[in-house]
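Summary of the model geometry
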Amino acid sequence: QVQLVESGGGWVQPGGSLRLSCAASGFTFSNYAMSWYRQAPGKERELVAGISSAGVSTRYADSVKGRSTIARDNAKNTVYLQMNSLKPEDTAVYYCNVRLGVLSRFWGQGTQVTVSS
């Protein structure tokens, strides 16, 4: 079955960095685009970044553009999100996502990122 397992979250001071990882299994990873979303308390889940199946194309939310980099290693079935210059408003649970079809979308369990002093 499809599994997405996020890791790398934690507490960091403003201005710090974190690298999130998402290990995927149960599908042919290199065939699918991958995305990172986040959900802050009381807010809707929002797209943070996405990357094409081959890693050639990426896209970012305006709120993280210039501070974050999404990347993937198809040999390791893993997608990453490097986040720099973190701000308190980046505090959220970060989720890995893959859409395998129109009605087939999968999420990981999420990893908490807390940015505070």
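You'll find the structure just up there.
Attention here is on the structure that accompanies the text.

About the thresholds
Residues numbered from 1 in each chain as written. Predicted model: local features only at pLDDT ≥ 70, side-chain atom pairs only at ≥ 80, totals over all residues. Heavy atoms only, no water. Helix = DSSP H or I, 4+ residues; strand = E, 2+ residues; numbered from the N terminus. Rg over C-alpha atoms; globule rule 2.2 N^0.38 Å. Phe/Tyr/Trp six-rings, centres within 6.5 Å; stacked < 30°, edge-to-face > 60°. Buried < 20%, exposed > 50% of the residue type's maximum accessible area, 1.4 Å probe, protein only. Pairing = 2+ DSSP bridges. Disulfide = S-S within 2.5 Å.

Now for the overall build of the protein chain. Of the regular secondary structure elements, the protein chain holds zero helices and 11 strands. Ordered by position in the sequence, the α and β elements of the protein chain form the string β-β-β-β-β-β-β-β-β-β-β. A compact globule built from 117 residues should have a C-alpha radius of gyration of about 13 Å, and the protein chain, at 13 Å, falls within 12% of that. Along the first, second and third principal axes, the C-alpha atoms of the protein chain reach 40 × 30 × 20 Å.

Time to look at the packing of aromatic side chains. This model, assessed by the stated rule, comprises four aromatic pairs. Judged by centre distance (5.9 Å) and plane angle (70°), the rings of phenylalanine 27 and tyrosine 32 are edge-to-face. Looking at tyrosine 32, the relative accessible area reads 26%, which means it is partly exposed. Between the aromatic rings of tyrosine 95 and tryptophan 107, the centroid separation amounts to 6.3 Å while the plane-to-plane angle is 85°, which identifies the pairing as edge-to-face.

With that settled, consider the pairing of strand S11 (residues 111-115). The side-chain alternation of S11 yields one buried face, formed by Thr111, Val113 and Val115, and one unburied face, formed by Gln112 and Thr114. In this sheet, S11 lies alongside strand S2 (residues 10-12) in parallel orientation, the contact comprising three bridges. Looking at S11, one finds that glycine 10 is bridged to valine 113. Across three bridges, the pairing between strand S9 (residues 92-101) and S11 is antiparallel.

Moving on, we come to the state of the cysteines. Under the criterion given, the structure shown has one disulfide. Between cysteine 22 and cysteine 96 runs a disulfide, and the two sulfur atoms are separated by 2.2 Å. A torsion of -85° about the S-S bond marks the disulfide between cysteine 22 and cysteine 96 as left-handed. Remark: cysteine 96 occurs in strand S9 and cysteine 22 occurs in strand S3 (residues 18-25); sequence separation between them is 74 residues.

All we've got here are geometric facts, nothing functional implied.
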